[in-house]
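# Close look at the chain arrangement
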Amino acid sequence: MLFNSYIFIFIFLPLVLLGWYGLNHYRKHTLANLFLAGMSFWFYGYFNVSYLAIILFSIGVNYLLSYLLARVPNASSHTTLWNRTGLIIGIVVNLGILFYFKYYDFFIENINLAFHTNFTLQHILLPLGISFFTFQQLSFIIDRCLGKCEHYSLINYVTFVTFFPQLIAGPIVLYKEMIPQFEDTSRRGFRPDSFSRGIYLFVLGLAKKVLLADTFALMANYGFAQTFSLDSISTVAVILSYTFELYFDFSGYSDMAIGLGKMFNIELPVNFNAPYRSCSIKEFWQRWHITLSRFFITYVYIPLGGSKKGRTRMLINTFIIFLLSGLWHGAAWTYVAWGAMHGLLVVWDNLGIVGIRGRDEKRPARFHIPAWLGWIFTFALFNMSLFFFRSTSMTAAVQLFKNLFSGSYTGKIFEVAAQLNVSEIYVIGQALDMAAPNLSGYLYLIVMFLLFALAFYLVFRPNAYERSMRGELTSKRCWIICILLIWCIVSLSQVSTFLYFNF
């Protein structure tokens, strides 16, 4: 089920809110959790009922391991044989499930290519959200086996894993920030301020997705389908379109998820903090997909030794993290190349050769550049890294680099801009076609430039979470939200999935 769909907004969400607050009002807290978990399973199974068997198996295995540890004496000590065995089983099972559904065909395809074998590909359908709920449960079972957390009731654990706002595309939440909230009965009552701010944030996220991301997608999808015929100018327009589509799509989902959480008095972690303002790639990754970075730092980077085993080891560990991050996003060499590019750029930042003037640095840099120049380099490099991220093959990605630096111009930019023939400018477009048909192409070009200008303006303004939290919700802000919500609902006739559903 999609957040940006009629069934979610008009049926599912009202039902789950009424059931949650109704049951909690009569102090049926356990029943309320069961109801919320059941509705979350409906939300997840709406895409494909067979997905339910996978998530149920995953939950069952992890909870059983936690239960068995609770039955073993001295299980709070991670040095026991039981804990070490449980840790190995937990990691193998969770990563095994993820590997089979997400990476099996990729692995077999490369085995066939390398050794000239002919193993059959399974063409396995990737279950939605498997990367997210697998990482959530990995964090729990690892800490459980290391003696860092306690065993929880089954219903609280199931509610933590399946809580529908974050189930499909994050944020990647941790047991220690979620389960205590579900156990806190003081959060079960209706809080008008939290609820209203949740609606405010949800609508802002919905507008990001429906009005901005889906509009940029028109140009991005067309452009990447025309990779081998783009010139330099149109390549820039296409990659900028995808850059903004990706940000408004994923941050919009995160805003909606956090907003939905607030409607239930549940605080979800912030996942984006204006990443396109960053002046270095290192800073970018402190602002982009924050919960994924947190997971890799906590459960991979630090166990590898972090920065405690010398500078060289620290740089190697950093690069490994970004390779894994690339692979986490998808089973293709294009994602590995994307991760490797970011890994090398962060390693470069960590070398401390070039610093940003006026920014705090742990290690003094040899040279300093102004913040505006650092921003240009960072934004440009991130855009170019998306050649790998969005392309369907390495050949297509390399072609985009060739297009960019070719200096060619064929007028393809008009075809790219023409994809913005959206309903909002339909009347103007029709009138111009009748009055001056030769100028209609320039109308879409102007719309494209205005759309880019709006996107740049928004990324340098306070982000949606900051807007929802600051000050009172005045009548003016409420009217704006109402207008945006109506505009989004009217635009839901062309429903599109979120990009990170693919990961």
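Before reading on, note that the structure itself is shown above.
The following refers to the structure shown. Because the structure is a prediction, the values reported are computed rather than measured.

About the thresholds
Residues numbered from 1 in each chain as written. Predicted model: local features only at pLDDT ≥ 70, side-chain atom pairs only at ≥ 80, totals over all residues. Heavy atoms only, no water. Phe/Tyr/Trp six-rings, centres within 6.5 Å; stacked < 30°, edge-to-face > 60°. Helix = DSSP H or I, 4+ residues; strand = E, 2+ residues; numbered from the N terminus. Buried < 20%, exposed > 50% of the residue type's maximum accessible area, 1.4 Å probe, protein only. Lys NZ or Arg CZ within 6 Å of the ring centre and 35° of its normal. Arc of directions from axis to C-beta. Contact = heavy atoms within 4.5 Å. Patch = residues over 30% accessible without salt bridge, like charges linked within 9 Å, V, L, I, M, F, W, Y side chains within 5 Å. Areas by Shrake-Rupley, 256 points an atom, 1.4 Å probe, with all protein chains shown as cover. Salt bridge = Lys/Arg side-chain N within 4 Å of Asp/Glu carboxyl O. Core = buried A, V, L, I, M, F, W, Y, C linked by side-chain atoms within 4.5 Å. Polar contact = N/O pair within 3.5 Å; in protein donor to acceptor, adjacent residues only side chain to side chain. Expected span 1.5 Å × (residues − 1). Bend = angle between axes of the 7 residues up to and from the residue.

### What about the packing of aromatic side chains?
- Taken as a whole and assessed by the stated rule, the structure comprises 73 aromatic pairs.
- Taking the centre distance of 5.6 Å and the plane angle of 55° together, the rings of Trp375 and Phe460 count as tilted. Taken as a pair, Trp375 in helix α15 (residues 371–390) and Phe460 in the loop between α19 (440–459) and α20 (464–469) lie far apart in primary sequence, 85 residues in all.
- Under the relative-accessibility criterion, Phe460 is labelled partly exposed at 43%.
- Taking NZ or CZ as reference, Lys102 lies 5.2 Å from the ring centre of Trp328, over its face.

### Some thoughts on helix α8 (residues 175–183)
- Buried within α8 are the following residues: Tyr175, Met178, Ile179, Gln181 and Phe182. End-on view of α8: buried residues confined to an arc of 155°, all on one side of the axis.
- Residues of α8 that are buried make contact with α1 (6–25), α2 (29–45), α5 (130–145) and α6 (154–162).

### Comments concerning the environment of Phe387
- Summarising the element assignment, Phe387 is placed in helix α15.
- Taking C-alpha positions, Phe387 is 37 Å from Ala436, a pair spaced 49 residues apart along the chain.
- Contact partners of Phe387, with chain neighbours within four places excluded, come to Thr235, Ile239, Ala397, Leu400, Phe401 and Leu404.

### Let's talk about a nonpolar patch on the surface
- A cluster of nonpolar side chains, contributed by Tyr6, Phe10, Ile11, Leu15, Trp42 and Tyr46, occupies part of the molecular surface with about 590 Å² of accessible area.
- Among the elements that line the nonpolar patch, the one with the most residues is α1, at four residues.
- Within the secondary structure layout, Tyr46 lies in the loop between α2 and α3 (51–70).
- Note on Tyr46: relative accessible area 44%, which makes it partly exposed.

### Here we look at the pattern of salt bridges
- The tally for this structure, following the rule as stated, stands at nine salt bridges.
- The salt bridge involving Asp255 is made with Lys208; its shortest N-O contact spans 2.8 Å. Taken together, the residues span a long stretch of sequence, with Asp255 in helix α10 (residues 232–263) and Lys208 in helix α9 (residues 192–225) at a distance of 47 residues. Of the two residues examined, Asp255 and Lys208, each falls in the buried class.
- With a shortest N-O distance of 3.0 Å, Lys209 and Asp214 are connected by a salt bridge.

### A short note on the nonpolar core
- Counting 150 residues, the largest nonpolar core has Phe8, Phe164, Phe244, Phe264 and Trp288 as the members making the most contacts within it.
- The contacts of Phe264, once residues within four sequence positions are left out, are Val16, Leu17, Trp20, Tyr21, Leu36, Phe163, Phe164 and Arg187.

### Details of the environment of Arg294
- Looking at the secondary structure, you find Arg294 in helix α12 (residues 290–301).
- Taking relative accessible area as the criterion, Arg294 reaches 24% and is therefore assigned partly exposed.
- Contact partners of Arg294, with chain neighbours within four places excluded, come to Ile172, Val173, Leu174, Glu177 and Pro269.

### Here's the deal with the environment of Glu109
- Inspection of the secondary structure puts Glu109 in helix α4 (residues 81–115).
- Linking Glu109 and Phe119, residues ten residues apart in sequence, is a C-alpha distance of 8.0 Å.

### A look at the side chain of Thr162
- You can see Thr162 is positioned in helix α6.
- At 2.7 Å, the side chain of Thr162 forms a polar contact with the backbone oxygen of Val158.
- If near-sequence neighbours (up to four positions away) are discounted, Thr162 is found in contact with Ala37, Ser40, Phe41, Ile55, Ile59 and Leu167.

### Structural notes on α1
- Given a rise of 1.5 Å per residue, 20 residues ought to cover 28 Å, and the 28 Å separating the end C-alpha atoms of α1 matches this to within 8%.
- Of all the bends in α1, the greatest, near 35°, is centred on Phe12, and the proline Pro14 appears no more than four residues after it.
- Taken together, the buried positions of α1 are Phe8, Ile9, Phe12, Leu13, Val16, Leu17, Gly19, Trp20, Tyr21 and Asn24.
- Contacts made by the buried residues of α1 are with α2, α7 (164–167), α8, α9 and α10.

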